[in-house]
Amino acid sequence: MAKKVFIKSYGCQMNVYDSARMGDVLAQEGYIAADAPADADLVILNTCHIREKAAEKVYSELGRLRALKESRMLMIAVAGCVAQAEGEEIMRRAPYVDFVVGPQNYHQLPRLVANATPSNKSLGFAHAINTDFPAESKFDFLPEARANGPAVFLTIQEGCDKFCSFCVVPYTRGVEFSRPASAILEEARQLTNGGAVEITLLGQNVNAYHGDDGGLAGLILKLSEIGGLDRIRYTTSHPRDMDKNLIAAHGNVSKLMPHLHLPVQSGSDATLARMNRQHVADDYLRIIDKLRAARPDIALSSDFIVGYPGETDADFESTLELVDAVGYAQAYSFKYSKRPGTPASDRDDQVPEQVKSDRLEALQNLLNRQQLEFNKGFVGKVVPVLFERRGKLPQQIAGRTPYMQAVHVDCENTDMADHYFGKILPIRIFDAFANSLAGIIETPTGQGEENLMERSRG
Ligand code: SAM
Ligand code: SF4
């Protein structure tokens, strides 16, 4: 019987990509995907270290897996950024973990699995911690990429040299590294041949990509020539690296979707300086102006941190003002979380928890209002939707607009839902909520996605 692996991803999309690639590596060893830990011979937790809560979740999940391991043979591995940052600590707190593997080493999974001895006791036998930053790139050792749906991720850049004062990424993911354009184009072709219609290019600082002479804009242009690939996105970008060619690409490359996640973190120049973000609020607003000049309907998204050490009421007001000025389609906001080893965690002007909570609530209320307003603006319009997921009901199918809104459609029956999976169809929106839209399939008109986007703008 085939061995089964269950890989659980926490945190960012880069982890989702890494989990898919771990699946590709293990498929070569005969592993197939399990639906749940209970069916698996090997469980891998692909972890996130960005905020304290994310890291602590891993230990609770490990506790549940321990109970499973006591009842039968099971191999448990921890991968990702908690593995990188706390390998020894994991082995101390959860000695039944068989091995720990960092984000740069998962191409070595076959060896780690072979060396680990699965045990039905509460202690594993062959503890291994593999969290070096190896000289070789894991990408050179990964097998052909398999598309796991119509909308897939492709990591093109890793690591970060920016050292924002609050962030662990430069420590867990290492220095900035760009994959060569030729390898990315090859992987994109593999994914498209396997049924991918949309590719989201990933990087901790994706727009710092320099593996192509033309930077990220040059790479996007080359990718747009791949037949069968209809939609291109990229995330996450830093305002400092938003160059004029990339901004222009939003106006020139029709396959580049009109949506951009461009985190600003704060609207206060004093806070931005303390965060070491290397730009002021006005720089960010000028970039938004230029993006909107290139692509008037571009939908904008961001990340915000509230309660960063030293943040005053006036600093927080500046953040609300920036949000008002931009008008976001969607955004993520977080309370500042102390991360060990980062400069901000040692500051003695930490903001009280209650103040953080109050500010988060006020910011989220404003962002939610903007998001609902943005979505309501689509009611009555026809939008091209790529159907990429099943809905909750068998005849329901879900997808995304070019602007990243989730859309649900009820089909006549399950067969029709199967038929529409992976297709881009014109959808008339009849209702809008904060996090999704509801629509029906418009009688196909034979219009291309560009024309449908024109209709959705109108
Ligand atoms: N590279 C991206 C950028 O420059 O904006 C961000 C990548 S980071 C993985 C994702 C988001 O997590 C950040 O934009 C930030 O809002 C949030 N984040 C990072 N460290 C944090 C911390 N210590 N506390 C709260 N939120 C944090
Ligand atoms: Fe973290 Fe992004 Fe800053 Fe890099 S640029 S340190 S990934 S927040």
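Residues numbered from 1 in each chain as written. Chains lettered and ligands numbered in written order. Predicted model: local features only at pLDDT ≥ 70, side-chain atom pairs only at ≥ 80, totals over all residues. Heavy atoms only, no water.

Colleague: What is the right way to look at the side chain of serine 345 in this model?
Modeller: Counting through the fold element by element, serine 345 comes out in the loop between strand S14 (330–335) and helix H12 (353–376). A distance of 2.7 Å separates a polar side-chain atom of serine 345 from the backbone oxygen of threonine 342. If near-sequence neighbours (up to four positions away) are discounted, serine 345 is found in contact with Tyr336, Lys338, Arg339 and Gln350. (Helix = DSSP H or I, 4+ residues; strand = E, 2+ residues; numbered from the N terminus. Polar contact = N/O pair within 3.5 Å; in protein donor to acceptor, adjacent residues only side chain to side chain. Contact = heavy atoms within 4.5 Å.)

Colleague: So what exactly am I meant to see when it comes to the site of ligand 1 here?
Modeller: Around ligand 1, the structure places 17 residues, and the nearest of them are Phe166, Gln204, Gln265, Asp303 and Ser337. With respect to ligand 1, the backbone of glutamine 204 contributes an N or O atom lying 2.7 Å from a nitrogen atom. The contact in question runs from an oxygen atom of ligand 1 to an N or O atom on the side chain of arginine 277, over 3.0 Å. In the complex, the protein chains occlude 90% of the 560 Å² of accessible area that ligand 1 would expose alone. Elements represented by at least two residues in the shell around ligand 1 include exactly strand S13 (299–306) and S14. For the shell around ligand 1, the residue count by class is seven nonpolar, five polar and five charged. (Near = heavy atom within 4 Å. Areas by Shrake-Rupley, 256 points an atom, 1.4 Å probe, with all protein chains shown as cover. Nonpolar A, V, L, I, M, F, W, Y, C, P; charged D, E, K, R; others polar.)

Colleague: Please explain the environment of alanine 38 as it appears in this structure.
Modeller: Inspection of the secondary structure puts alanine 38 in the loop between strand S2 (31–33) and strand S3 (42–47). Given the relative accessible area of 52%, alanine 38 is considered exposed. Considered as a pair, alanine 38 and glutamate 176 are 138 residues apart in the sequence and their alpha carbons are 38 Å apart. In contact with alanine 38, other than residues within four places in its own chain, are Leu68 and Arg72. (Buried < 20%, exposed > 50% of the residue type's maximum accessible area, 1.4 Å probe, protein only.)

Colleague: Help me out: how do you make sense of the nonpolar core in this one?
Modeller: One recurring pattern in soluble globular proteins is that nonpolar side chains are buried together. Of all hydrophobic cores here, the largest spans 54 residues; its most connected members are Leu201, Leu216, Tyr234 and Tyr328. Considering every element that reaches this core, the biggest residue donor is helix H10 (residues 281–294), with six residues. Those residues in contact with tyrosine 328 that sit more than four places away from it in its chain are Val264, Tyr284, Leu300, Ser301, Ser302, Phe304, Leu322, Val323, Leu367, Gln370 and Gln371. Judged by nonpolar contacts, the second largest core, of 24 residues, contains Phe6, Val58, Ala94 and Tyr96. (Core = buried A, V, L, I, M, F, W, Y, C linked by side-chain atoms within 4.5 Å.)

Colleague: It is not clear to me how the pairing of strand S1 (residues 3–9) should be interpreted in this structure. Could you clarify?
Modeller: In summary, the side chains of a regular strand alternate between the two faces of the sheet. Here three bridges tie S1 to S2, and the two strands are oriented parallel to one another. Opposite lysine 3, over in S2, you have tyrosine 31 as the bridge partner. For the handedness criterion, the β-α-β arrangement of S1, helix H1 (residues 13–27) and S2 is classed as right-handed. Sheet topology note: the S1/S3 ladder contains five bridges and is parallel. In the strand pairing of S3, valine 5 is matched with leucine 42. (Pairing = 2+ DSSP bridges. Right-handed = clockwise from strand over helix to strand, strands pointing away.)

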